[in-house]
Each structure stands twice: as C-alpha cells, then as structure tokens.
Amino acid sequence: MKKGKKIYEGKAKILYETDRPAMVIQEFKDDATAFDATKRGSIKEKGVINNEISAALFQMLESKGIPTHFVKRLSDREMLIKKLEIIRVEVTIRNISAGGISKALGIEEGVVLKSPVLEYHYKNDALHDPLMNDYHIEILGLATSKEMKKIKDYSFSINEILKDFFDKVGLKLVDFKLEFGRYKGRILLGDEISPDTCRLWDKKTNEKLDKDRFRRDLGRIEEAYQEVLKRVKA
Ligand code: 5GP
C-alpha cells in the first residue's frame, strides 16, 4: 500500500491518500488539544497507543456486527481505513455524568444516569461544536432522517458492546464520542475510539484513565493510556 499525498491534518490525526481511491491511511499523532484547542500539548507515544486501542476496538465491534471504516493496522501509528464521506455530526453517549452534561445541566460528576443520554454536536470548529438536535441536522442537510436513525441505532448498540467489553477489564465507560460517514451507500463508524474520545474510569478506584488527565493536569497521562491499552489487549 503506497502512502500518497496528505489529504487532511486534524488535531490528533493525519489522513493520506493511497494508490487505491477508496482507501486512505489514518496516522495518529502525539499532539493533544483540549478546550477548543486553546490548550495544546503532546502525550508521549499517544499516537502509537491510540492506533492500537482503536484497531482492537474496531475489530471487536466488527465481530459484533457494527460496520466500521477499519481495514487493517499498517504500522505503529498508521491504519488503513475506507475513505468515508464524513457526516458532520458528532454523536456523544453518556452513561455517567461528567464534562459537558455536568456543566450544562448542573449534575455533579459521577452520577450514574437513569438511562444512556445521546447528544449530537455539530462538527464545526469555528462554531465550537454546538449541541444540536434532529431538526438542526435536517435544516442543515447534514444527513437524512433514515441515516440518522441508523446512526442512532448503531450508537446505542456500540454503547452496550463497549460498556460490556470495558466492564470485563475493570473499566467504567463514562461517555464517548463517535463519528460516522458514508461509504458505497452504507453508514460506517469512522474516526477513532480511544482514551482521547472516551472517558474511562477504573471500576474500583474511579481513577481517570483518559484525556481528562491532560485536560485537568492530573499527571501520569501516558501511564493511563498505556493502562487502557494493556486492559484492551488482555
Ligand atoms: P464532553 O461533551 O463532556 O466534553 O465530551 C463527552 C465525551 O466525548 C468525552 O469522552 C470526550 O472525550 C468526547 N468528545 C467530545 N467532543 C470531542 C472532540 O471534539 N474530540 C475528542 N477527541 N473527543 C470529544
């Protein structure tokens, strides 16, 4: 697989063309940003760790019937993926209150929610990824209602699968963010699933093993990411 021109560079990843038009290479960087990219830094080996965690989780989800963009891992920092037409809606699912929902609704961190909460955010840096609903998605023409139904169903299924998977390795899945895209007329899960995009707490101690360690300067960030990798691979 030949690595071609850079197509896009985001905050944590770079996409490259390949010699096959329907496939791209996703390269994971060590760069970390938070709070709308006003906080910037780097987490040693994050790219390598997130590539491995994402690859393992995508494969696990595929085995349970969730279609993803993942094709194969190419190297430490690179995976081959199907080239999606990204739907500019970020889907967040929350099982326990933290972050955005604590701030917006005044729920203290750590409250187990009565049922999973699904949120949509507009994937738009200039507008700071505002919260949105099905009506906003409709008027902006971001996706059809049929596509959103599929995305919602996949997201709740992914939550059940991931919650169960992480529970078995001693982690609580607090919340996470997903992105989807179109590929040959189908909806596929895209982006990454890693401690950058999930909140994961140790089941016994509630220790945070995710990007909140960077956001809040809690230290031992690389160790936390390594710990998640160790458990995912267990
Ligand atoms: P919150 O809305 O509480 O800030 O985030 C909810 C969950 O989605 C967290 O696990 C967070 O890491 C993830 N998330 C939300 N927006 C983004 C984003 O733009 N980038 C990344 N990497 N994760 C996000």
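Above: the structure in question.
Residues numbered from 1 in each chain as written. Predicted model: local features only at pLDDT ≥ 70, side-chain atom pairs only at ≥ 80, totals over all residues. Heavy atoms only, no water.

Examining the environment of Val89
How we decide: Helix numbers and strand numbers start at the N terminus; a helix is a DSSP run of H or I with at least 4 residues, a strand a run of E with at least 2. Whether two residues are in contact is decided by their heavy atoms: any pair within 4.5 Å suffices.
Topologically, Val89 is positioned in strand 8 (residues 85–96). Those residues in contact with Val89 that sit more than four places away from it in its chain are Tyr120, His121, Lys123, Ile137, Leu142, Met148, Leu178 and Glu179.

Focus on helix 1 (residues 46–63)
It helps to recall that an α-helix has 3.6 residues per turn; residues three or four apart then point in one direction. Which entries qualify depends on this criterion: A helix's residues, less one, multiplied by 1.5 Å, set its expected span. For the exposure calls, accessible area comes from a 1.4 Å probe over protein chains only, and a residue counts as buried if that area is under 20% of its type's maximum, exposed if over 50%, partly exposed in between.
Here helix 1 contains 18 residues, and its C-alpha end-to-end distance of 25 Å stays within 8% of the 26 Å for a straight helix at 1.5 Å per residue. Most of helix 1 is tucked away, with 14 of its 18 residues classed as buried. Two residues or fewer after helix 1 comes Gly65, characterised by a positive phi angle close to 95°.

Describing the packing of aromatic side chains
Put simply, the test is: Each aromatic pair joins two rings of Phe, Tyr and Trp (for Trp, the six-membered one) with centres within 6.5 Å, and gets the label stacked for planes under 30 degrees apart, edge-to-face for over 60, and tilted for any other angle. To sit over a ring, a charge needs its Lys NZ or Arg CZ within 6 Å of the ring centre and within 35 degrees of the ring normal.
With the rule as written, the count across this model stands at 3 aromatic pairs. Ring centres 6.2 Å apart and planes at 25° place the aromatic pair Phe58 and Phe70 in the stacked group. Of this pair, Phe58 sits in helix 1 while Phe70 sits in strand 6 (residues 70–73), and the two are 12 residues apart along the sequence. When its relative accessible area of 8% is taken as the criterion, Phe70 is described as buried. Each ring, one from Phe165 and one from Phe166, has its centre 5.6 Å from the other, and the planes form 75°; the classification is edge-to-face. Just above the ring of Tyr16 sits the side chain of Lys3; from NZ or CZ to the centre is 4.1 Å. The positively charged end of Lys39 is found above the aromatic ring belonging to Phe214, 5.2 Å away from the centroid.

Side note on the pairing of strand 2 (residues 13–18)
Short version of the rule: Here the rule is simple: two strands pair whenever DSSP picks up at least two bridges between them.
With 4 bridges joining them, strand 1 (residues 3–9) and strand 2 adopt antiparallel strand pairing. Along strand 2, the bridge assignment pairs Tyr8 with Leu15. Hairpin remark: strand 1 followed by strand 2, antiparallel, with 3 residues in the connecting loop. Here strand 2 runs beside strand 3 (residues 23–28); their pairing, made up of 5 bridges, is antiparallel. When the sheet's bridge partners are listed, Ile14 is paired in strand 3 with Glu27. In sequence, strand 2 turns back onto strand 3 through a hairpin of 4 residues.

Nothing here speaks to function; it is all geometry.
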